[in-house]
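What follows is the residue order along each chain.
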Amino acid sequence: MPRLAATWRGLIAAAAALLALTAVPSGAAARTVAAPSSGGTGEGARAHDPKAPREFVALREVDPTIIQEIRYATPHDFVGVPVTGYREPMCILTRDAARALHRAQLSFLLRGYSLKVYDCYRPQRAVDHFVAWAKDLSDQRMKAEFYPRVDKSVLFRDGYIAQKSGHSRGSTVDLTLVRLPARPTRPYVPGEPLTSCFGPKASRFPDNSLDMGTGFDCFDTLAHTLDPRTGGQQRANRLLLKAGLERAGFVNYADEWWHYTFSPETFPDTYFDFPVARGSLVRH
């Protein structure tokens, strides 16, 4: 019992340190659903916005210790502007996926790490924004960081951009690991010089994540989870993340070390379009 008590005291201390040092930055026929508004605008929502089904929750209500750096609510992403549909920098997931992420977080906290999410539920309107951006070959403002070796004209062919995303079903998350105590990541300044997402960690845009070999959303084969060119500590870090999430029921997308889907999905064939905002969630 003394050893167990000490373990939990350490866990609580790690969680407290994390909260103190971390700020939130910013087959079957598939269906796209825009549920009717249930009234009330709520923070970050509008009267005509669709609402999320009751199975969706804010991750912070399930586990407030998981760091949230929701990139698509900021201009630091591959399109270079905040993405349509991200009204607030928050993670929304199906309840089952959020609870599974909480289980994984507990195991990582005991080892001195925290999960950090970059993206969670993604509305269809955000996916449509990506598609429109990919078709505009003249917009290359973020190429030097996110796709320096890939021609923008082949993003659809090579699978980096698609008309639908599993994120819109609510059980998929993009994430990484941070060593505790967590240091904050500085904000991106639009127009600042860009550096390649696959260069040495010291030369990439600063991120408090463990070194995974590439940055988040790096459109390059080096981002494949088990790419043989990634070895040593970088590979060990990827496998640490992978093993911990798989034990909690998540499945990795092999082409992206950061991309995981909880299985079984709550909505395996439905793509939602409610905005990322607290007002989208039904209060219980």
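Everything in this summary refers to the structure shown in the same document.

Rules used throughout
All residue numbers here refer to positions counted from 1 along the written sequence of the relevant chain. Two thresholds apply to this predicted model, a pLDDT of at least 70 for residue-level local features and 80 or more for giving and counting side-chain atom pairs, whereas whole-chain, interface and lining totals are computed over all residues. Note: side-chain values were computed over all heavy atoms of the structure, leaving out hydrogens and water. Each reported salt bridge corresponds to a side-chain nitrogen of Lys or Arg within 4 Å of a carboxyl oxygen of Asp or Glu. A run of H or I in DSSP counts as a helix once it spans at least four residues, and a run of E counts as a strand once it spans at least two, with each numbered from the N terminus. Each residue is placed in one exposure class: buried if its accessible area under a 1.4 Å probe, protein chains only, is under 20% of its type's maximum, exposed if it is over 50%, and partly exposed if it falls in between. Each cavity reported here is a set of points on a 1 Å grid over the protein atoms alone in which a 1.4 Å probe fits but cannot get out, each pocket an open set with protein on both sides within 12 Å along at least five of seven lines, and each lining residue one with an atom within 4 Å of a point. Grid points are joined across faces, edges and corners, and a volume is the space filled by probe spheres set on the points. Throughout this entry, Asp, Glu, Lys and Arg are counted as charged residues, while Ala, Val, Leu, Ile, Met, Phe, Trp, Tyr, Cys and Pro are counted as nonpolar. The remaining residues, Gly among them, count as polar. For the purposes of this section, nonpolar cores are sets of buried Ala, Val, Leu, Ile, Met, Phe, Trp, Tyr and Cys residues that join through side-chain atoms within 4.5 Å. In this analysis, two residues are considered to be in contact whenever any of their non-hydrogen atoms come within 4.5 Å of each other. Note on terminology: pairs of cysteine sulfur atoms within 2.5 Å are recorded as disulfides. Planes of paired rings set the category: under 30 degrees apart is stacked, over 60 is edge-to-face and the rest tilted, where pairs are Phe, Tyr or Trp rings (Trp by its six-membered ring) whose centres lie within 6.5 Å. Here, a charge over a ring is recorded when the distance from Lys NZ or Arg CZ to the ring centre is within 6 Å and its angle to the ring normal is within 35 degrees. Think of it this way: DSSP has to see at least two bridges between two strands before they count as a pair. Lines are fitted to the C-alpha atoms to define the axes, a helix being fitted only along its stretch in contact, and any angle between axes, read from their N-to-C directions, falls within 0 to 180 degrees. Any pair of nitrogen or oxygen atoms within 3.5 Å is treated as a polar contact; in protein, a donor-acceptor pairing is required on top of that, and neighbouring residues in sequence qualify only through side-chain atoms on both sides. How far a helix is expected to stretch is found by multiplying one less than its residue total by 1.5 Å.

1. Examining the pattern of salt bridges
Line of reasoning, step 1. For the structure shown, the criterion picks out 17 salt bridges.
Line of reasoning, step 2. For the salt bridge of D207 with K116, the shortest nitrogen-to-oxygen distance reads 2.7 Å. Here D207, found in the loop between β6 (172-179) and α6 (232-247), pairs with K116, found in strand β5 (residues 113-119); they are 91 residues apart in sequence, far enough to count as distant.
Line of reasoning, step 3. In this structure D207 comes out as buried when scored by relative accessible area, which is 16%.
Line of reasoning, step 4. The network of salt bridges with common partners includes E69, R71, K116 and D207.

2. Remarks on empty space enclosed by the protein
Line of reasoning, step 1. Taken as a whole, the largest cavity spans an internal volume of roughly 180 Å³.
Line of reasoning, step 2. In terms of lining, the largest cavity is formed by 20 residues, of which the most central are R204, F205, D207, G215 and F216.
Line of reasoning, step 3. Grouping the amino acids of the lining of the largest cavity by side-chain chemistry returns eight nonpolar, six polar and six charged.

3. Describing the nonpolar core
Line of reasoning, step 1. If you look at the biggest cluster of nonpolar residues, it comprises 66 residues, and the most contacted ones within it are L101, L115 and V117.
Line of reasoning, step 2. Only β2 (56-58), β4 (92-94), α3 (95-110), β5, α4 (124-135), β6, α6 and β8 (259-262) provide two or more residues apiece to this core.
Line of reasoning, step 3. The greatest single-element share of this core, amounting to six residues, is contributed by α3.
Line of reasoning, step 4. Beyond its immediate stretch of four places on either side in the chain, V117 contacts L59, I66, I67, Q68, E69, I70, C91, L101, V173, D174 and L175.
Line of reasoning, step 5. Residues L109, V178, L180 and A182 belong to the second largest nonpolar core, which totals five residues.

4. Observations regarding the state of the cysteines
Line of reasoning, step 1. Enumeration according to the criterion identifies two disulfides in this entry.
Line of reasoning, step 2. With its sulfur 2.0 Å from that of its partner, C197 forms a disulfide with C218. Taking the sign of the S-S torsion, about 60° here, the bridge from C197 to C218 comes out right-handed. Highlighted residues: C197 in the loop between β6 and α6 and C218 in the loop between β6 and α6, separated in sequence by 21 residues. The exposure classification of C197 matches that of C218, with both residues buried.
Line of reasoning, step 3. Each disulfide of the protein joins two cysteines, and with those cysteines numbered along the sequence the arrangement is 1-2, 3-4.

5. What to know about the packing of aromatic side chains
Line of reasoning, step 1. All told, the structure shown has 22 aromatic pairs when counted by the stated rule.
Line of reasoning, step 2. An angle of 45° between the planes, with centres 6.3 Å apart, marks the rings of Y72 and F216 as tilted. Of this pair, Y72 sits in the loop between β3 (67-68) and β4 while F216 sits in the loop between β6 and α6, and the two are 144 residues apart along the sequence. For the pair Y72 and F216, one class covers both residues: buried.
Line of reasoning, step 3. The ring centre of F198 lies 3.8 Å from the NZ or CZ of R149, which sits over that ring.
Line of reasoning, step 4. A cation over an aromatic ring shows up here: K152 above the ring of W133, its NZ or CZ 3.9 Å from the ring centre.

6. Examining the sheet that holds β3
Line of reasoning, step 1. With mixed pairing, five strands are arranged side by side in an open sheet as β3-β5-β6-β8-β7. Strands at the two margins of the open sheet, each flanked by one partner only, are β3 and β7 (250-252).
Line of reasoning, step 2. Sheet analysis places β3 next to β5, joined by two bridges and oriented parallel. In the strand pairing of β5, Q68 is matched with V117.
Line of reasoning, step 3. Lying over the sheet, α3 contacts β5, β6, β7 and β8, oriented at roughly 145° with respect to β5.

7. A few points about the pairing of β5
Line of reasoning, step 1. Taken across its seven residues, β5 has seven buried, putting it largely inside the fold.
Line of reasoning, step 2. Note: β5 against β6, six bridges, orientation antiparallel. Considered in β6, the bridge of V117 is made with L175.

8. What to know about the environment of R278
Line of reasoning, step 1. Tracing the chain through its elements places R278 in the segment after β9 (270-272).
Line of reasoning, step 2. C-alpha of R278 to C-alpha of R87: the two residues are 191 residues apart in sequence and 8.9 Å apart in space.
Line of reasoning, step 3. A distance of 2.9 Å separates polar atoms of two side chains, one belonging to R278 and the other to E88.

9. Considerations on α3
Line of reasoning, step 1. Here α3 contains 16 residues, and its C-alpha end-to-end distance of 23 Å stays within 8% of the 22 Å for a straight helix at 1.5 Å per residue.
Line of reasoning, step 2. Those residues of α3 not exposed but buried are A97, A98, A100, L101, A104, Q105, F108 and L109.
Line of reasoning, step 3. Phi for G112, located one or two positions after α3, is positive at around 90°.

10. Here we look at α4
Line of reasoning, step 1. When the terminal C-alpha atoms of α4 are compared, their 17 Å separation across 12 residues agrees well with the 16 Å that a helix rising 1.5 Å per residue should span.
Line of reasoning, step 2. Of all 12 residues in α4, nine are buried, a share of seventy percent or more.
Line of reasoning, step 3. Here α4 has its buried residues at Q124, R125, A126, V127, H129, F130, V131, W133 and A134.

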